[in-house]
Amino acid sequence: MSAKNRDEHNRWRNKIVSFRVSPEENEQINIAVSLSGYNKQDYLISRLLNREIVVLGNPRVYKALRNQLANVLDELKRIEAGTQINDELLDNIKLITVTLNGMKEESTWKT
């Protein structure tokens, strides 16, 4: 049994939980995971169990923020050209805003 199959209380994680999502939902989940700095498994477990997500600033999180802001800029340029805004973009902007506001307030922040 490897260490990565254990939780923070040293309990063995041997149960598999799976579910289907749309490609759009998958993208939203991947964005939230990348902005959190968590791995996908720990992020999903924390969210499903209503635990607080505490984001620690590190190079990976900063890179994810930079990439997501670039994606938002591309979408805003597309919208300016006359197309409509979608809900996923609004969700991404909200998540980026919460993360950046937390960075401004302290070195660790919560989403």
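Notes on the structure follow. Every value quoted in this text rests on a predicted model; they were computed, and no experiment measured them. (Residues numbered from 1 in each chain as written. Predicted model: local features only at pLDDT ≥ 70, side-chain atom pairs only at ≥ 80, totals over all residues. Heavy atoms only, no water.)

### Comments concerning helix H1 (residues 23-36)
Right, on to step 1. Compared with the 20 Å implied by 1.5 Å per residue over 14 residues, the 20 Å span of H1 between its first and last C-alpha is a close match.
Right, on to step 2. Directly after H1, the chain includes Gly37, whose backbone phi takes a positive value near 85 degrees. (Helix = DSSP H or I, 4+ residues; strand = E, 2+ residues; numbered from the N terminus. Expected span 1.5 Å × (residues − 1).)

### Here's the deal with the pattern of salt bridges
Right, on to step 1. Scanning all chains against the criterion turns up two salt bridges.
Right, on to step 2. Note that Arg13 is salt-bridged to Asp42, the shortest N-O span being 3.0 Å. Here Arg13, found in the segment before H1, pairs with Asp42, found in helix H2 (residues 40-48); they are 29 residues apart in sequence, far enough to count as distant.
Right, on to step 3. On the basis of relative accessible area, Arg13 is assigned to the partly exposed category, the value being 24%.
Right, on to step 4. The closest approach of N and O atoms between Arg78 and Glu75, which form a salt bridge, is 2.5 Å. Of this pair, Arg78 and Glu75 both sit in helix H3 (residues 59-80), separated by three residues, roughly a single helical turn.
Right, on to step 5. Relative accessible area serves as the criterion here: at 30%, Arg78 is assigned to the partly exposed category. (Salt bridge = Lys/Arg side-chain N within 4 Å of Asp/Glu carboxyl O. Buried < 20%, exposed > 50% of the residue type's maximum accessible area, 1.4 Å probe, protein only.)

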